Amino acid sequence: MIIGSVLLLMTKGLNLGVDFKGGLLLEIRTQEKADLSHLRTQLATLNLGDPKLQEFGSDRDVLIRLDSSHHAKESMEKIKNVLGPHIDYRRIETVGPKVSQDLIDNGLMALSFCLVGMMVYIWFRFEWQYGLCGILSLIHDAVIVLGFYALSGIEFSETALVALLTTIGYSINDSVVIYDRLRENLRKYKTTPIGDVINLTANETLSRTLLTSGTTLVALAALYGFGGSVIESFALPIWVGIFIGTLSSIYISANFLLFFDL
């Protein structure tokens, strides 16, 4: 999964939203079924860059994305004039290039501080080996979630950072529970091979991990199924992230400790 995710990120890349690329984002609703080709032809006459259109929810809802954010007010007036008066503008967002770069920088800083802070906490709470292994499993989770964004084409916006941070937080929570039981078992079974102790620990905490993750996944599935198109693009990546994070907590985070002398 990691290799596939890296290849997707290198070849297909992320579908960066206006938050990170800058530009104009409009959500409109037409009176009848939207004709995307006709709307694209109308917008192309304005010379505002290459317009990207996609259906958003119903066949009357359209998401329009323009890369250019210069003179946003004048651009909006031109768009409204060419599309006519019978269009309902449900959402309009404008992000300049400097703001989008700041969002990218701040997002990377948030992820970095999150990972480093967790590693330091686990280091002091347990030992440095636990902190390093926990961070390696979190990197595994984050890369796969990014790969899912590249594969699905879901817009990578500020909510994507929330999905990544939620995945990381949820995954490390499960890992800490397993680490705590593992430390107890290592003291209890001092002569038992560490591989057997890790297997015992995983089995002892398995019901807790599956019940906690399972109920969360059910709630996210309900959000995805009934929350509408806006919630869908937020709930699905988190669902994937928590599913992958649960697998990494059971199979990866503790098993990395096999490479260390505890």
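These numbers come from a predicted model, not from an experiment.

Caption draft 1: Up close: the overall build of the protein chain. Along the protein chain, the regular secondary structure elements total 9 helices and 4 strands. Reading the protein chain from its N terminus to its C terminus gives the helix and strand order α-α-β-α-β-β-α-β-α-α-α-α-α. Whereas a compact globule of 262 residues would reach a radius of gyration of roughly 18 Å, the protein chain reaches 23 Å, over 25% beyond that. A principal-axis box enclosing the C-alpha atoms of the protein chain has dimensions of 80 × 35 × 25 Å.

Caption draft 2: Expanded view of helix H8 (residues 194–226). The terminal C-alpha atoms of H8, which comprises 33 residues, lie 45 Å apart, in line with the 48 Å expected from a rise of 1.5 Å per residue. After H8 finishes, the residue Gly-228 shows a positive phi value of roughly 90 degrees.

Caption draft 3: Structural view of the nonpolar core. Of all hydrophobic cores here, the largest spans 38 residues; its most connected members are Met-118, Tyr-130, Tyr-149, Phe-156, Leu-164 and Tyr-179. Listed by contribution, the elements that provide at least two residues to this core are helix H5 (97–125), helix H6 (128–152), helix H7 (158–188), H8 and helix H9 (229–253). If you tally residues by element for this core, the top one is H7, at 10 residues. Residues contacting Phe-156, with those up to four places away along its chain left out, are Leu-14, Asn-15, Leu-16, Gly-17, Phe-20, Leu-146, Tyr-149, Leu-161 and Leu-164. Of all hydrophobic cores here, the second largest spans 15 residues; its members include Leu-26, Leu-39, Leu-53 and Ile-64.

Caption draft 4: Structural detail: the environment of Leu-63. By the secondary structure assignment, Leu-63 is in strand E3 (residues 58–66). Given the relative accessible area of 6%, Leu-63 is considered buried. Through-space distance from the C-alpha of Leu-63 to that of Ile-28 is 6.5 Å; in sequence the pair is 35 residues apart. Sequence-distant contacts of Leu-63, that is, excluding residues within four places in its chain, are made with Leu-25, Leu-26, Glu-27, Lys-52, Leu-53, Gln-54, Phe-56 and Arg-91.

Caption draft 5: Region of interest: the pattern of salt bridges. Tallied over the entire structure, the rule returns 6 salt bridges. Note that Glu-184 and Arg-181 form a salt bridge whose closest N and O atoms lie 3.9 Å from each other. Of this pair, Glu-184 and Arg-181 both sit in helix H7, 3 residues apart, which is roughly one turn of the helix. The class of Arg-181 is partly exposed, set by a relative accessible area of 30%. The partner of Glu-204 in a salt bridge is Arg-181, with the nearest N and O atoms 3.2 Å apart. Placement of Glu-204 in helix H8 and of Arg-181 in helix H7 is noted, with a sequence separation of 23 residues between them.

Caption draft 6: Representation of the pairing of E3 within the structure. Relative to E3, strand E1 (residues 23–29) runs antiparallel, the two sharing 6 bridges. What sits directly across from Leu-24, in E3, is Leu-66. Where strand E2 (residues 52–56) and E3 come together, 5 bridges link them in antiparallel fashion. Residue pairing for E3: Glu-55 is matched across the bridge by Val-62.

Caption draft 7: Spotlight on helix H3 (residues 36–44). Buried within H3 are the following residues: Leu-39, Gln-42 and Leu-43. One side of H3 carries all its buried residues, which in axial view fall inside an arc of 95 degrees.

Caption draft 8: How the structure looks around the side chain of Asn-185. Within the secondary structure, Asn-185 sits in helix H7. A polar side-chain atom of Asn-185 sits 3.0 Å from a polar atom in the side chain of Glu-204. If near-sequence neighbours (up to four positions away) are discounted, Asn-185 is found in contact with Val-197, Leu-200, Thr-201 and Glu-204.

Caption draft 9: View of the layout of surface pockets. A volume near 290 Å³ is recorded for the second largest pocket. At the level of secondary structure, the elements contributing two or more residues to the lining of the second largest pocket comprise H5, H6 and H7. By residue number, the principal contributor to the lining of the second largest pocket is H5, which donates 5 residues. Grouping the amino acids of the lining of the second largest pocket by side-chain chemistry returns 15 nonpolar, 1 polar and no charged.

Caption draft 10: Structural view of the packing of aromatic side chains. Here the structure, examined in full by the defined rule, presents 5 aromatic pairs. Plain terms: the ring middles of Tyr-130 and Tyr-179 are 5.1 Å apart, the flat faces sit at 80 degrees to each other, and that makes the pair edge-to-face. With a gap of 49 residues between them, Tyr-130 in helix H6 and Tyr-179 in helix H7 connect regions that are remote in the sequence. For Tyr-130, a relative accessible area of 2% puts it in the buried group. These aromatic residues form a ring-pair network of at least three members: Phe-126, Tyr-130 and Tyr-179. Above the face of the Phe-126 ring, Arg-125 is positioned so that its terminal group lies 5.3 Å from the ring centre.

Rules used throughout
- Residues numbered from 1 in each chain as written.
- Predicted model: local features only at pLDDT ≥ 70, side-chain atom pairs only at ≥ 80, totals over all residues.
- Heavy atoms only, no water.
- Helix = DSSP H or I, 4+ residues; strand = E, 2+ residues; numbered from the N terminus.
- Rg over C-alpha atoms; globule rule 2.2 N^0.38 Å.
- Expected span 1.5 Å × (residues − 1).
- Core = buried A, V, L, I, M, F, W, Y, C linked by side-chain atoms within 4.5 Å.
- Buried < 20%, exposed > 50% of the residue type's maximum accessible area, 1.4 Å probe, protein only.
- Contact = heavy atoms within 4.5 Å.
- Salt bridge = Lys/Arg side-chain N within 4 Å of Asp/Glu carboxyl O.
- Pairing = 2+ DSSP bridges.
- Arc of directions from axis to C-beta.
- Polar contact = N/O pair within 3.5 Å; in protein donor to acceptor, adjacent residues only side chain to side chain.
- 1 Å grid on protein atoms, 1.4 Å probe; cavity = no way out; pocket = protein on both sides within 12 Å on 5 of 7 lines; lining within 4 Å.
- Points joined across faces, edges and corners; volume = space filled by probe spheres on them.
- Nonpolar A, V, L, I, M, F, W, Y, C, P; charged D, E, K, R; others polar.
- Phe/Tyr/Trp six-rings, centres within 6.5 Å; stacked < 30°, edge-to-face > 60°.
- Lys NZ or Arg CZ within 6 Å of the ring centre and 35° of its normal.

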